[in-house]
Amino acid sequence: MSPGRRQSSAAAAQLLLLNVHTTAGSSEPPVFTRMGFLSSFSSRLRRLCYHKEISCRLSMAYCAFVLSMKFGSIWDAELKESESARCREGNRSLNASDESPSRQYGKVSISPSSALLPERALHRSKTGTVHDSAVPCIKSSVGLVFLSLVSLVVVSVPFLNDRSGMSLSCPFAPPSEGRDRERGSSAPAGESKISIEVKTPSDGRKQSADYEEREEFAEDNCWSRSRHLLYRPDDRRLPSSPALERSLLEYEALQARCTSGKTWESMADLQPENSQDDCKYVIYMEGWEGLGNRLLSLVSAFAFSLSTDRVLLIDTRGHLASLLCEPFDSSSWKLPGSFPYAEAQAFHALGDVENYQNEVGINLNLRHQQSRRDQAFFCPETQERLKNVKWLAWNSNQYYVPRLLMVPALWMKLNPLFTNPSHLFSQLVRFLCLPANPIWAKTERTYQSYLLSSRKLVGLQVRAQLQHDFSPEVYDKVRSCLLGGGIVPNVSRHNSAPRHFFLRGKKSTGSERGTSIFVASLQREYYEALRDLYTDRGTEDGSLVSVHMMAYEGAERFTYDQAVKAYIDIWLLSFSDTLVTSGWSTFGYVAQGLAGVQPYMMNLREDAAPPFCYFGHSIEPCNHYPFLSKCGTTRKLSKEHESWVNAHLRPCQDESQGLQIV
């Protein structure tokens, strides 16, 4: 299947239709096998189209119609074959019944393929006599029409209602049209499991899987790939362009071709002369900085790899290899544990290279501190020379996509893939940085247990740079931003009672639900101060406000356990209706990119000047250190490229020397 299920709808339909006949040899009763396949087929259709436009929906509706006719014709053929003899016998019996109208025939045996029909279809004569023998004829004549309609309803109706909140066959998924409606419902007890056989067209191997109705949208290897879109309203799903989908498909094929059968256990394996292909690679060397910095640099490395036809491989010694799903279905991006990391880290630095032709690999220093020679990476002539180098070691803690887009050759490859440049990071991070199943499961449990029932969810991320303890001054800025900006209800001057009260067992309505504030911070005191603010005095309008926090660490320790908690916090923030982040925080950048929303930003620095709270002008992260140094060439940008740069690159709001895509 395609990377992230991002193939075109027509290709998806054709691929899924290849599986129509795979259940013919199953030992399961035919009806249940087919119904199980229809359920799985229906879920896959809807999963593929959650982030598509109407063209995908029309294509999938057509696919559902074709499938329904296919199943109808199969069932009808079986009915005709199994019942034809009895039908002829029934006709002879009916002729004989003219002499004795009261005669009845024995009980008709219903074949498994007709189990969806009533057990006894009764044909009555004018005298009221029941003729069981007419049943096969009735089944045979209406089989195609009836069963085609049944198949079409099974496949199409849940798909057509997947955005309505009816949740016909997805009891797990919460509607994403806002929090004023009911969001989600629990699955009924005693759900059945459906066992199906799926034949993979590529290698012909059969992979068996058990699908529970509750887990209908889950994918075995990466549940979050399809589920995370269910938590987002339509305007935040940000569907990718056909050009990006095609590029990702081509990239996945390249990734599979260039990693198949490779071991890379020694430096000799990295030598170009020992390779029989033209593959080139980027090794993402995971740094020691915070999780936000690492994710931003990973997305930057992938954008560079995508624009230069290089295969991205990640360091398995760090946290990201365990935190994230594999982004590709047919290959792995993880380097083996035996990879010669020390030799790769010892590649010559970019500034020390004299002859690029003689280099097995080059070490790229793209961190926040760079020499002038390191900065030459962003020069067009350097990019031309790097085309001949097989291995590039990517060492970075920054988001360099804005800077990459200033290089003409890279801009020409990346720009056509994104119809809206300000969605670039969101679309790439949602493809590349999905949480692994254990992390996603905990994220969902936390969200559904504490945040699901609120009318409005506000995500608050508090990070004061260079301040590791709770600061009353910082809290005052946070409170002023939340209350002064009208993001949360104002606090009452008096100890007022809530407008609504609930008794145990009484179900609340949407209008009665209040606001939930989810706090992500290293210091728990910010959470406690906000919680006490609303429990001590209440709100002016009498609405309810609840404050939640999942984890508090006090300080960054760079452990895997802390990285897991931080990533869950990032994803919970991304589910917010309104997001409030701290300026200069890469943690907040990733959350706003996953959310696909422009955040409110707080300036929490000690030397900060007003305004302390402002609305962000882009979803994109800020490149804090763009290093706009001059290159050796005087070649100017094309008019089209220059116009694009002037329209879409701006100084960051939280860093005047930074660069941001708008």
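As a convention, each chain's residues are numbered from 1 in the sequence order in which they are written. In keeping with the model being predicted, local features are shown solely for residues with a pLDDT of at least 70 and side-chain atom pairs are shown and tallied solely at 80 or more, while totals for entire chains, interfaces and linings include all residues. By convention in this description, side-chain values take in all heavy atoms of the structure and omit both hydrogens and water.

1. Regarding the overall build of the chain
For the purposes of this entry, the term helix denotes a DSSP run of H or I that reaches at least four residues, the term strand denotes a run of E that reaches at least two, and both are numbered from the N terminus. A tally of helices and strands in the chain yields 21 helices and 15 strands. When the 662 residues of the chain are sorted by exposure, 54% land in the buried category. In what follows, a contact means two residues having at least one pair of non-hydrogen atoms within 4.5 Å. Put simply, of all contacts in the chain between residues at least 6 apart along the chain, 75% involve residues at least 24 apart. In the structure as shown, the chain presents an accessible area of about 29,900 Å², 52% of it carried by carbon and sulfur atoms. We call a residue buried when its accessible area falls under 20% of the maximum for its residue type, exposed when it is over 50%, and partly exposed in between, using a 1.4 Å probe and counting protein chains only. Residue exposure ignores everything except the shown protein chains as possible cover, and the areas themselves are Shrake-Rupley values with a 1.4 Å probe.

2. Topic: the state of the cysteines
Only a pair of cysteine sulfur atoms within 2.5 Å qualifies as a disulfide here. Considering all chains together, one arrives at 5 disulfides under this definition. Note on cysteine connectivity: C222 is disulfide-linked to C325, with sulfurs 2.2 Å apart. Looking along the S-S bond of the C222-C325 disulfide, the torsion reads about 95 degrees, which is the right-handed sense. Residue C222 is located in the loop between strand 2 (206-212) and helix 5 (224-227), and its partner C325 is located in the loop between helix 9 (320-323) and helix 10 (341-345); the two are separated by 103 residues in the primary sequence. When sorted by exposure, C222 lands in the same class as C325, which is buried. A disulfide bridge connects C379 with C631, and the sulfur atoms are separated by 2.1 Å. As the torsion about the S-S bond is roughly -90 degrees, the C379-C631 disulfide counts as left-handed. Taken as a pair, C379 in the loop between helix 11 (372-375) and helix 12 (380-386) and C631 in the loop between strand 13 (613-615) and helix 21 (639-648) lie far apart in primary sequence, 252 residues in all. On the basis of relative accessibility, which here comes to 4%, the residue C379 falls in the buried class.

3. Brief notes about unusual backbone geometry
The amide bond that connects P610 to the next residue, P611, takes the cis arrangement and shows omega of 5 degrees. Following the sequence through the fold, P611 ends up in the loop between strand 12 (600-602) and strand 13. Positioned with a positive phi, F558 is a non-glycine residue whose angle comes to about 60 degrees. Note on placement: F558 falls in the loop between strand 10 (545-549) and helix 19 (560-574). A residue is classified by how much of its surface remains accessible, and F558, at 36% relative accessible area, is partly exposed. In the Ramachandran plot, W584 falls in the positive-phi region, its phi being about 75 degrees despite a non-glycine side chain. Mapped onto the secondary structure, W584 falls in the loop between strand 11 (578-582) and helix 20 (586-595).

4. Focus: the layout of surface pockets
Its volume calculated, the second largest pocket comes out at about 950 Å³. Cavities and pockets were defined on a 1 Å grid built from protein atoms only: a cavity is a group of points that admits a 1.4 Å probe but offers it no way out, a pocket is an open group of points flanked by protein on both sides within 12 Å along at least five of seven lines, and a lining residue is one with an atom within 4 Å of any such point. Taken together, 41 residues make up the lining of the second largest pocket; nearest its centre are N293, R463, Q465, E556 and T586. Where the lining of the second largest pocket is concerned, the elements lending two or more residues are helix 8 (291-308), strand 8 (456-462), strand 9 (515-521), helix 19 and helix 20. Of all the elements, helix 19 adds the most residues to the lining of the second largest pocket, at 5 residues. Grid points are joined across faces, edges and corners, and a volume is the space filled by probe spheres set on the points.

5. Brief notes about the confidence of the model for the chain
Across the chain, each position has a pLDDT score giving the predictor's confidence in that residue, from 0 to 100. Overall, the prediction assigns the chain a mean pLDDT of 75, with 64% of residues at 70 or greater. Ignoring residues within four places in sequence, the model shows residues 1-58, a span with pLDDT below 50, making 146 contacts including any to other chains. Here residues 90-142 is modelled with pLDDT under 50, and outside its nearest four sequence neighbours on either side it reaches 66 contacts, counting other chains as well.

6. Let's talk about the pattern of salt bridges
For side chains of opposite charge, pairing can occur when their charged atoms come near one another. In the sections that follow, a salt bridge refers to a side-chain nitrogen of Lys or Arg positioned within 4 Å of a carboxyl oxygen of Asp or Glu. Within the structure shown, the criterion is met by 18 salt bridges. The partner of E528 in a salt bridge is R524, and the shortest N-O contact between them spans 2.7 Å. Of this pair, E528 and R524 both sit in helix 18 (residues 524-537), 4 residues apart, which is roughly one turn of the helix. A salt bridge links D561 to K565, with the shortest nitrogen-to-oxygen separation between them at 3.4 Å. Of the two residues, D561 and K565 both sit in helix 19, 4 residues apart, roughly one turn of that helix. With relative accessibility at 24%, the residue K565 sits in the partly exposed group. The structure contains a network of salt bridges with shared partners spanning E553, R557, D561 and K565.

7. Topic: the sheet that holds strand 13
As summarised here, the arrangement of the 6 strands in space is 10-9-8-11-12-13, forming an open sheet in which the pairing is mixed. Every interior strand has two partners, whereas the edge strands, strand 10 and strand 13, have only one. Strand-to-strand, the axes of this sheet are offset by a mean angle of 20 degrees, without reference to chain direction. Of the pairings in the sheet, the one linking strand 8 to strand 9 comprises 7 bridges and is parallel in character. Looking across to strand 9, one finds that K456 is bridged to T515. The pairing criterion for strands is at least two bridges between them, as found by DSSP. The angle between two axes is taken between their N-to-C directions and runs from 0 to 180 degrees, where each axis is a line fitted to C-alpha atoms and a helix contributes only its stretch in contact.

8. Things to note about the sheet that holds strand 4 (residues 311-314)
The parallel open sheet is built from 5 strands, whose spatial order is 4-3-7-6-5. One side of each edge strand has no neighbouring strand; the edge strands of this open sheet are strand 4 and strand 5 (348-349). Pairing analysis gives 5 bridges linking strand 3 (residues 281-285) to strand 7 (residues 391-396), with the strands arranged parallel. Across the sheet, residue I283 finds its bridge partner in strand 7, namely A393. Contacts from helix 6 (residues 242-259) reach strand 3 and strand 4 within the one sheet, and its direction differs from that of strand 4 by about 65 degrees.

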